[in-house]
Each structure stands twice: as C-alpha cells, then as structure tokens.
Amino acid sequence: MATKRLVSKNVEKKLFLHNTYTSFQYNFLKTKKQELNMKRLVMGAVAAAVLATSGLAADYTLKFSHVVSDNTPKGKAARFFEQRLEELSGGKIDVQVYPSSQLYKDNAVLKAIRLDSVQMAAPSFSKFGKIVPQLSIFDLPFLFRDTNHLHAVQDGTVGEKLKGLVTKKGIVALSFWDNGFKQLSSSKKALIAPSDAKGQKFRIMSSKVLEAQFHAVGANPQMMPFSEVYSGLQQGVIDGQENTNSNIFTKKFYEVQKYLTVTNHGYLGYLVVMSKKFWNKLPADLQANVKQAMKEATDEERRLAQELNDSQFAKIKEYAAKSGKLEIINLSADQIGAWRTAVSKIYPEFYSKKTIGEDLIKETINTK
Ligand code: SIN
C-alpha cells in the first residue's frame, strides 16, 4: 500500500509539477491526486512495479508522524504544511503525513527522529521529558495567564532557550504549535473541589510535572500512551484524564466519561521537530522552503487551535444535552482558585536546573 501511495504521488507530481508552479496548478493537482487515488485501487502490481522504477520519484521524502486525528489543530496544520511545502518546493519534497499513531506512539517518535527513520514530528512538550526536561515547564498548572502570555513566552527569550536545548540534543527545533488548555474528566466522581480527585486514577502523559500535579490533590497518576486512553477509560483501568476539548472530542473520550469539568488548568502544545540528518541533506533553497512553509503552518495552526477547541466543545455539549450521559461542570472563580492553590504549590519541586529551573519559571511568569 505504501509503495502504491508513493507511486501515485510521484506520478502526479512529475506529470503536473514544473518550475513555474502556481496555486491554480496545485489545486488542479490535488483533484488529479484524488483521481489517482481511485485509480490506484485498481492498479495491478505489474503496473505499479513499472512506475516505481521509471524515475518519477521526488528528490526527498519527508515522513511526518503524529498521534492525534487529522481533524485536530495539529492534524490539520500538518496537512497544511504538506501542501505548502510540496507547492513551494515544486514537488522536490514529497511530504507524507501519518496521523493517529500509525507510525510511532508518543515518546517513541523522538528516537525515530534521531535515527532519521521519520523526518518530522510534533510531540507534546511532556514527551521530551527524558531528553529536555525543561520543556515540561509548559505542563506547570496555571502558569499562563492566557494565550497572549503563552505566545509571548514561546516567541520570546524563553522559547529561544528551549529550542536551543533541543538543538543541542541533535534535533532541529522548528516551531511551537498550540492545542489549547486542558479540562478534567472522570467516570467515578464529579470533579468540583480538588479533594474530589483523591484516590482517582488519572491518565497522564510522561511528565514528572503532571505526576506531581495529580499527587498534589491525592490522586493516582498513571502514565499511558495517548493511543491507549480510550480503551483505558472504557475498561476502567483509569477513572479519568486531562486533555483539551479537541482531543477529548476527536478521540471520543467523552463517550466513556460521566463528568467533564471546565478547568483550563494546564496547557497542551507541541514542539515541531525535524531530523538533523534530513535537514543537513537539504540544499539551502529547500531549507528556506521548509522555514517558509512552517511559518505559514504555524500561523494557521494557532488560528485553528482556538477555532477547533471551541467548535468541538460545542459538539461535546450537544452530545451531553442529547444523551444525558455526560455532565459538564462549570466552576466558579472561587472553585477555580481552590484548584490553583492546590496544584500550584508543586512549582518549587521543579526549581532545580536538572528539571526545569527556577530562573526559567520566573522568567516565564514575568514575561509580558
Ligand atoms: C497530542 O495532542 O499530541 C497527544 C496529547 C496526549 O498524549 O494527551
């Protein structure tokens, strides 16, 4: 199947791409791509083999692996990047996006990036824990005042320092992408006061900060890959989880939970990274194309993150109202304050330079 996909992509590119490549031609190409996708269903093995050896390949193949659905901010931005980079490079780079953990689960992708087995990924910050623990600063609960503060941090000196730490580990750090702020859900007990979390088992990403956050309220955190959360909730291996509305909606976690509390207590975002080996192979003009496509994809991603989290939350609310199987809980300012007090006390645990570092946390808080 993979061979056929490559063959059809290569055929379409060499047939329709040339140096004076325009958007109009690209749209035409996308239509052709659909036609070719249909054709490949009936294409026999012999025809595929002939085409595969006819020298129609792009100069570079870039596999982009991620764990969420296509219909998420990251999923859509990855597709946007695919289209723009293929367009800008005149088809010299063939971008192949693999969503929903089809290639690699969670942390495994970073090893694959270092080996150049896959060329791009956008793991959430928690998943860099073993190589750059400072990135888990983004997991600290109630750290960001709002999205403007968050973007000022990512686009400023803190963001540059964090990217620098990743670069030192032999991985090219391209851009920060958003998902949004996280909510809490449970099938065991409604989460209104922090004490309601006591004794409940919550799935977390592999982050020491998230572990400490749940310990702070007497809960029992369990690290688990994203791809296993739905079945974990369904089978009662875990009682609850924290995630953005977009991830809760697209992975259907709401179907296997009884309570969803709007807390916005923590942030979920990504660092888009590229294999250094792949980057170093690219000539300067194609590196410039990657940077330009990434800049545009990042602007688009930030817009989509807000839009999708809002629209997908509306769909969760619709499900709750229609099915009567999910209770959505909105907290008062005082109730949010109680959660903030309960979990923010973990910050000093991460003052050591071996974890995040006090300076970095203070610099983040003081970023205007
Ligand atoms: C993701 O958004 O990439 C997955 C986040 C998670 O593991 O919860």
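Scroll up to find the structure.
One structure accompanies this document, and this report is about it. All values derive from a computational prediction rather than experimental measurement.

Definitions and cut-offs
- Residues numbered from 1 in each chain as written.
- Predicted model: local features only at pLDDT ≥ 70, side-chain atom pairs only at ≥ 80, totals over all residues.
- Heavy atoms only, no water.
- Axes fitted to C-alpha atoms, helices over the stretch in contact; angles between N-to-C directions.
- Helix = DSSP H or I, 4+ residues; strand = E, 2+ residues; numbered from the N terminus.
- Contact = heavy atoms within 4.5 Å.
- Nonpolar A, V, L, I, M, F, W, Y, C, P; charged D, E, K, R; others polar.
- Near = heavy atom within 4 Å.
- Polar contact = N/O pair within 3.5 Å; in protein donor to acceptor, adjacent residues only side chain to side chain.
- Areas by Shrake-Rupley, 256 points an atom, 1.4 Å probe, with all protein chains shown as cover.
- Core = buried A, V, L, I, M, F, W, Y, C linked by side-chain atoms within 4.5 Å.
- Buried < 20%, exposed > 50% of the residue type's maximum accessible area, 1.4 Å probe, protein only.
- Pairing = 2+ DSSP bridges.
- Right-handed = clockwise from strand over helix to strand, strands pointing away.
- Phe/Tyr/Trp six-rings, centres within 6.5 Å; stacked < 30°, edge-to-face > 60°.

1. Some details on the packing of helix α7 (residues 157-168) against helix α14 (residues 358-366)
- Between α7 and α14, the shortest axis-to-axis distance is 9 Å and the interhelical angle comes to 145°. When α7 is examined against α14, the residues Thr-157, Val-158, Lys-161 and Leu-162 are found in contact with a partner set consisting of Leu-360, Glu-363 and Thr-364.
- Considering only residue class, the contact of α7 with α14 consists of 3 nonpolar, 2 polar and 2 charged.

2. Concerning the site of the ligand
- In the region of the ligand, the neighbouring residues are Val-67, Val-68, Lys-74, Lys-127, Arg-203, Met-205, Phe-226, Asn-243, Asn-247, Leu-268 and Tyr-270.
- At 2.9 Å, a side-chain N or O of Asn-247 approaches an oxygen atom of the ligand.
- Contact between the ligand and Tyr-270: an oxygen atom at 2.5 Å from a side-chain N or O atom of the residue.
- Protein contact buries 99% of the 260 Å² of open area that the ligand shows by itself.
- Grouping the amino acids of the shell around the ligand by side-chain chemistry returns 6 nonpolar, 2 polar and 3 charged.

3. A few points about the nonpolar core
- With 64 residues, the main nonpolar core has Leu-62, Phe-64 and Phe-81 as its most contacted residues.
- At 8 residues, the largest contribution of residues to this core is made by helix α12 (residues 284-323).
- Sequence-distant contacts of Phe-64, that is, excluding residues within four places in its chain, are made with Ala-78, Phe-81, Gln-96, Val-97, Tyr-98, Val-118, Met-120, Ala-121, Ala-122, Trp-177 and Val-272.

4. Overview of helix α8 (residues 208-216)
- Restricting attention to buried positions, one finds in α8 the residues Val-209, Leu-210, Ala-212, Gln-213 and Phe-214.
- The elements touched by buried residues of α8 are β4 (171-186), β5 (201-204), β6 (220-223), β7 (240-244) and α13 (333-344).
- At the N-terminal boundary of α8, the capping side chain belongs to Ser-207, with an oxygen 3.2 Å from the backbone nitrogen of Val-209.

5. Regarding the environment of Glu-160
- Summarising the element assignment, Glu-160 is placed in helix α7.
- Look at Glu-160 and you get partly exposed, because its relative accessible area is 48%.
- A sequence separation of 13 residues divides Glu-160 from Ala-173, and the C-alpha atoms of the two residues are 9.7 Å apart.

6. Looking at the pairing of strand β1 (residues 60-65)
- Sheet topology places β1 next to strand β2 (residues 93-98); 6 bridges connect them, and they run parallel. Opposite Phe-64, over in β2, you have Val-97 as the bridge partner.
- The handedness of the β1 to β2 crossover, carried by helix α4 (residues 73-88), is right-handed.
- Relative to strand β3 (residues 120-121), β1 runs parallel, the two being bridged by 2 bridges. When the bridges of β3 are listed, Ser-65 appears paired with Ala-121.

7. Brief notes about the side chain of Asp-106
- Topologically, Asp-106 is positioned in the loop between β2 and α5 (108-114).
- Owing to a relative accessible area of 6%, Asp-106 belongs among the buried residues under this scheme.
- Here Phe-226 takes part through its backbone nitrogen, which lies 3.1 Å from a polar atom of the side chain of Asp-106.
- In contact with Asp-106, other than residues within four places in its own chain, are Val-67, Lys-127, Arg-203, Met-224, Pro-225 and Phe-226.

8. Some details on the packing of aromatic side chains
- Throughout the structure, instances matching the rule amount to 15 aromatic pairs.
- Centroid distance Phe-226 to Phe-253: 5.9 Å. Interplanar angle 75°. Geometry classified as edge-to-face. Taken together, the residues span a long stretch of sequence, with Phe-226 in the loop between β6 and α9 (229-234) and Phe-253 in the loop between α10 (245-250) and β8 (259-262) at a distance of 27 residues.
- When its relative accessible area of 4% is taken as the criterion, Phe-226 is described as buried.
- Judged by its relative accessible area of 1%, Phe-253 is buried.
- With a centroid separation of 4.8 Å and 70° between ring planes, the pair formed by Tyr-254 and Tyr-319 is classed as edge-to-face.

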